[in-house]
Amino acid sequence: MMDDFPPLSLHVPEPEVRPGGTPDFSNVPIPKAGSVPRPPVDVDPRDIRDLAFSIIRVLNREGEAVGPWSGLLSDEALLEGLRHMMTLRAFDARMLMAQRQGKTSFYMQHMGEEAVSCAFRKALEPGDMNFPTYRQAGLLIAGGYPMVDMMNQIFSNEADPLKGRQLPIMYSSKEHGFFSISGNLGTQFVQAVGWAMASAISNDTRIAAGWIGDGSTAESDFHAALVFASTYRAPVVLNIVNNQWAISTFQGIARGGAGTFAARGLGFGIPALRVDGNDYLAVYAVARWAAERARRNLGPTLVEYVTYRVGAHSTSDDPSAYRPKDESEAWPLGDPVIRLKNHLVRRGAWSEERHRQAEAEVMDSVIVAQKEAEKHGTLHSGGKPSVRDMFEGVYAEMPPHLRRQRHQAGV
Amino acid sequence: MPRMTMIEAIRSAIDISMERDGKVVVFGEDVGYFGGVFRCTAGLQQKYGKTRCFDTPISELGIVGTAIGMAAYGLRPCVEVQFADYVYPAYDQIVSEAARIRYRSNGEFTCPIVVRMPSGGGIFGGQTHSQSPEALFTHVCGLKVVVPSNPRDAKGLLIAAIEDPDPVIFLEPKRLYNGPFDGHHERPVTPWSRHPLGDVDAGHFTVPLGKAEVRRQGSSVTVLAYGTMVYVAEAAAQETGIDAEIIDLRTLLPLDLDCIVESVRKTGRCVIVHEATLTSGFGAELAALVQEHCFYHLEAPVGRVTGWDTPYPHAQEWDYFPGPARVGEALVRAMEA
């Protein structure tokens, strides 16, 4: 009987194209904007299983907002959203440069993914809590957190709200609904579920949002988060940012045989939606739908944002070693800033000229913030957190052994 | 004063904490309806409702991970890991998250959680129901690590742990749940009802974290022990006739170094006893501290009596367990040096 079969062989998935090849996204089916229905928020998850395999899109190629997920945002709100994304992009550009100038050790940019965190933030209410990864600074920008405090953290200077203890960009702001970033991948996803459970236990009205990347969905934390969210119907929005690349590893390694990451929610009975992550209007619409479900005590929603990481994973990474250099230009969902700009121009609320002017204004505001932050020092020059701060805050009250060590360190 | 087993004392501590503070929530595997496989949470779901005391999926990662999120919200979760041997799936959440959230957020977010877990052997639990992983937690800055040895301390320490602003790993020596155990497994079990430390105040009280207690005054040699080993050391002292001073550490992190140093400087000798494996065990830290702080008072090498560096065996349980004979030999060696 065994002789009837050839020897076993291991399947190791490969991306379509490697460096030197021609970028090819023909395997990524892109549904027409406006083609995916918008179910009521109290829909039975079993009735919307196909939403885990489609892509909800609002902006079409002509820059029009179409379909049942459109029509939620005013000109004013969209202009504000555009400004948030432009600010994040300018912020990234300046901080990348600052890293190259040695003003900090490390940086991670958002290029191409600005819509995801900027639009999502607008669907939340004050008091809601995000458990973010390292590529959702749009939650802070769109939430009104001062850029200068972000920069103080990045520079680990004397005004760093985190006292120089954290790697650059691992922000924390309770007031702005932004849980301290871990740096260990996936851990925050299940914590978001716990926070949401606590809100429900306390008969509160606030909801939580968990964030994770395509690669980190392979962590056990992701699975535990879905089990607990499903079992206790936690008021949480569980966000997967699928930017196609986990450092050098293409998303197929974490996704395996599943059609999509969103489809992972189906086995848990959690409504799962895929959305065009480069479409500010679509991200906002889906975020609001999921947030409303949570707030109406209907339980969790799993959302996969289909996007593309245009830049390197971090300043320590060189993507040309593992993917074609021009792959981002072939990405079929375009650039989130340009798409929203085109839409606003088409609405008659914006123009190329005003856009250029706004770009300059935004960059000016980032530079002003940077000058202010640099007055407090950068990583290797100027004011820095005290060595005493290193010993503080390990516990609420410093235990005797740490007091002895601090004394030994001479501080 | 009522008599309690350690199980009843733990239940009383949780009950009083839940009654006093609506933010205290209790959950874990089999913890809700059934009341825990060791019955430590029996009756709490009935009393406080199933949103404050509930069963969870079998996911230690999920139990601790959600507890961390709840603590960030402002609740005070006291969760159970069914056996300390099962805590490893939650290790990343404890080490990388719970222990560091206060530090990395500069106090914006904190993690006042208690992770309770039955530990230690002596019940024929084999290698997956007998481990003493305390050293894996004492090596982690930001945690507190507590090991009670009797009902009174268990209650006072657990209330203190639940009220503590930082994460506490609470190891419950399961062989002590129903009575003190000195390692003489061949003798009948002594219940807590016949031991003075089974007298436990019915109301609210705390035993402060970070304070050791001298269980037996002595002048010849200091024994540093915690959990089950306190009773083993007592038996060894009695059987050898050596006037040992036995210190029950109670809290391993932060450690009551002053109590240790004072005793060792007085006796000039020190034997460290724990059930966990030897290499890189908590005894190594204790030995280093003793030589650092008491070197010129020492008249003998610091001795260690521990479990062997093997997995906890089943059939050979009493060959593995550091019983009174082995501890007694170490006391004699210390005296003869």
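Remember, it's a predicted structure, so these values are computed and weren't measured experimentally.

### With respect to the overall build of chain A
The number of helices and strands found in chain A is 13 helices and 7 strands. By the compact-globule yardstick of 22 Å for 411 residues, chain A fits well, its C-alpha radius of gyration being 22 Å. Dimensions along the principal axes, computed over C-alpha positions, put chain A at roughly 70 × 65 × 55 Å. Classification of the 411 residues of chain A by burial places 56% in the buried group. Within chain A, residue pairs in contact and separated by at least 24 positions form 75% of the contacts whose partners lie at least 6 positions apart. The average position of the 43 basic charges and that of the 47 acidic charges among the side chains of chain A differ by 4 Å.

### Remarks on the confidence of the model for chain B
Of the residues in chain B, 100% have a pLDDT of 70 or more, and the chain-wide mean is 98. Interface scoring of the predicted complex returns ipTM 0.97; its pTM is 0.98.

### Some details on helix 5 (residues 187–201) of chain A
Because an α-helix completes one turn every 3.6 residues, residues spaced three or four positions apart along the sequence face the same direction. Residues and elements named next belong to chain A. For helix 5, spanning 15 residues, the distance from its first C-alpha to its last is 22 Å, which sits close to the expected 21 Å at 1.5 Å a residue. Most of helix 5 sits inside the fold, with 14 of its 15 residues counted as buried. Downstream of helix 5 by one or two residues, Asn-203 has phi in the positive range, about 50°.

### Remarks on empty space enclosed by the protein
It is a probe the size of a water molecule, rolled over the atoms, that shows where empty space is left. Counting across every chain of the model gives 3 cavities of 30 Å³ or more. As a volume, the largest cavity reaches approximately 120 Å³. Lining the largest cavity are 13 residues, and of these Ser-119, Ser-132, Val-147, Tyr-226 and Glu-275 of chain B lie nearest its centre. Listed by contribution, the elements that provide at least two residues to the lining of the largest cavity are strand 6 (168–173) and strand 11 (270–277) of chain B. Taken together, the residues that form the lining of the largest cavity break down as 6 nonpolar, 5 polar and 2 charged. Taken as a whole, the second largest cavity spans an internal volume of roughly 40 Å³. In terms of lining residues, the second largest cavity is bounded by Trp-69, Ser-70, Gly-71, Leu-72, Leu-73, Leu-281 and Tyr-284 of chain A. Across the lining of the second largest cavity, the residue classes break down as 5 nonpolar, 2 polar and no charged.

### Points about the pairing of strand 3 (residues 236–242) of chain A
All names here are of chain A. Counting buried positions over the 7 residues of strand 3 gives 7, a clear majority of the element. The alternating pattern of strand 3 places Val-236, Leu-238, Ile-240 and Asn-242 on one face and Val-237, Asn-239 and Val-241 on the opposite face, and all of these are buried. Strand direction decides the pairing type here: strand 2 (residues 208–213) and strand 3, joined by 6 bridges, are parallel. The residue bridging Trp-211 from the neighbouring strand is Asn-239, located in strand 3.

### Here we look at the domain arrangement of chain B
Residues and elements named next belong to chain B. Assigned domains within chain B: domain 1 (6–198) and domain 2 (213–336). Spacing between the C-alpha centres of domain 1 and domain 2 amounts to 25 Å. Overall, the association of domain 1 and domain 2 removes approximately 2,600 Å² of surface from exposure, summing both partners, and the carbon and sulfur fraction of that is 61%. Where domain 1 packs against domain 2, one counts 2 salt bridges. Connecting domain 1 to domain 2 are 14 residue pairs in polar contact (both at pLDDT 80 or more). Elements with a contribution of two residues or more to the side of domain 1 that touches domain 2: helix 6 (134–138), strand 5 (144–146) and helix 7 (151–163). The element that contributes the greatest number of residues to the side of domain 1 that touches domain 2 is helix 6, accounting for 4 residues. Taken together, the residues of the side of domain 1 that touches domain 2 break down into 17 nonpolar, 15 polar and 6 charged.

### Observations concerning unusual backbone geometry
Here the residue pair Leu-253 of chain B and Pro-254 of chain B is connected by a cis peptide bond, since its omega of -5° sits within 30 degrees of zero. Although it is not a glycine, Ile-247 of chain A adopts a positive phi angle of roughly 45°. Mapping Ile-247 of chain A onto the fold places it in the loop between strand 4 (245–246) and strand 5 (249–250). Phi at Asp-30 of chain B is positive, roughly 65°, even though this residue is not glycine. Of note, Asp-30 of chain B is situated in the loop between strand 1 (24–28) and helix 2 (44–48). Owing to a relative accessible area of 36%, Asp-30 of chain B belongs among the partly exposed residues under this scheme.

### Remarks on the pattern of salt bridges
What the rule picks out here adds up to 38 salt bridges over all chains. For Asp-44 of chain A, the salt bridge is made with Arg-46 of chain A, and the minimal N-O distance between the two is 2.7 Å. Residue class for Asp-44 of chain A comes out partly exposed when judged on its relative accessible area of 28%. One salt bridge connects Lys-47 of chain B with Glu-19 of chain B, and the closest N-O pair in it is separated by 3.1 Å. Here the residue Lys-47 of chain B occupies a position in helix 2, and Glu-19 of chain B occupies one in helix 1 (residues 6–20), the gap between them amounting to 28 residues. For Glu-19 of chain B, a relative accessible area of 56% corresponds to the exposed category.

### Details of the UniProt feature "domain: Transketolase-like pyrimidine-binding" (unreviewed entry) in chain B
Summarizing the sequence annotation, UniProt attributes the feature "domain: Transketolase-like pyrimidine-binding" (unreviewed entry) to residues 4–179 of chain B in the numbering used throughout. With 36% helix and 16% strand, residues 4–179 of chain B has end C-alpha atoms that lie 10 Å from one another.

### A few points about the sheet that holds strand 7 (residues 213–216) of chain B
All names here are of chain B. Taken in spatial order, the 5 strands line up as 7-9-8-11-12 in an open sheet, and their pairing is mixed. For this open sheet the edge positions go to strand 7 and strand 12 (303–307), each flanked by a neighbour on one side alone. On average, each strand axis in the sheet is inclined to that of its neighbour by 25°, with strand direction left out of account. With respect to the sheet, helix 8 (residues 229–240) is in contact with strand 7, strand 8 (221–225), strand 9 (244–248) and strand 11, its orientation differing from that of strand 9 by roughly 175°. Seen against the sheet, helix 9 (residues 257–267) touches strand 7, strand 8, strand 9 and strand 11 and runs at an angle of roughly 170° to strand 9.

### Notes on the side chain of Arg-309 of chain A
Residue and element names in this part refer to chain A. One can find Arg-309 in the loop between strand 7 (301–306) and helix 9 (327–330). Residue Arg-309 is classed as buried on the basis of its relative accessible area of 1%. Once residues lying within four places of it in the same chain are set aside, the contact partners of Arg-309 are Met-111, Glu-113, Arg-135, Asn-243, Trp-245, Ala-246, Ile-247, Asp-317, Pro-319, Tyr-322 and Arg-323.

### A short note on the interface of chain B and chain A
Taken together, the contact between chain B and chain A spans 41 residues of the former and 45 residues of the latter. Of the roughly 3,500 Å² buried between chain B and chain A, counting both surfaces, carbon and sulfur atoms make up 63%. For the chain B face of the interface with chain A, the top three residues by lost area are Tyr-73, Tyr-103 and Arg-104 of chain B, together amounting to 24%. For the pair chain B and chain A, the number of links is 0 salt bridges.

### A few points about helix 3 (residues 60–73) of chain B
The end-to-end C-alpha distance of helix 3 of chain B is 20 Å, a good match for the 20 Å that 14 residues give at a rise of 1.5 Å each. Most of helix 3 of chain B is tucked away, with 14 of its 14 residues classed as buried.

### Regarding the environment of Val-273 of chain B
Position of Val-273 of chain B relative to the elements: it lies in strand 11. Setting aside chain neighbours within four positions, we find Val-273 of chain B in contact with Val-223, Leu-224, Ala-225, Tyr-226, Met-229, Val-305 and Val-327 of chain B.

Reading the values: rules and limits
- Residues numbered from 1 in each chain as written.
- Chains lettered and ligands numbered in written order.
- Predicted model: local features only at pLDDT ≥ 70, side-chain atom pairs only at ≥ 80, totals over all residues.
- Heavy atoms only, no water.
- Helix = DSSP H or I, 4+ residues; strand = E, 2+ residues; numbered from the N terminus.
- Rg over C-alpha atoms; globule rule 2.2 N^0.38 Å.
- Buried < 20%, exposed > 50% of the residue type's maximum accessible area, 1.4 Å probe, protein only.
- Contact = heavy atoms within 4.5 Å.
- Lys, Arg positive; Asp, Glu negative; His and termini not counted.
- Charge placed at Lys NZ, Arg CZ, Asp CG, Glu CD.
- pLDDT = per-residue confidence, 0-100.
- Expected span 1.5 Å × (residues − 1).
- 1 Å grid on protein atoms, 1.4 Å probe; cavity = no way out; pocket = protein on both sides within 12 Å on 5 of 7 lines; lining within 4 Å.
- Points joined across faces, edges and corners; volume = space filled by probe spheres on them.
- Nonpolar A, V, L, I, M, F, W, Y, C, P; charged D, E, K, R; others polar.
- Pairing = 2+ DSSP bridges.
- Domains from an automatic or database assignment.
- Buried area = accessible area lost by both parts, 1.4 Å probe.
- Salt bridge = Lys/Arg side-chain N within 4 Å of Asp/Glu carboxyl O.
- Polar contact = N/O pair within 3.5 Å; in protein donor to acceptor, adjacent residues only side chain to side chain.
- UniProt positions renumbered as here; feature names shortened; annotations may be inferred.
- Axes fitted to C-alpha atoms, helices over the stretch in contact; angles between N-to-C directions.

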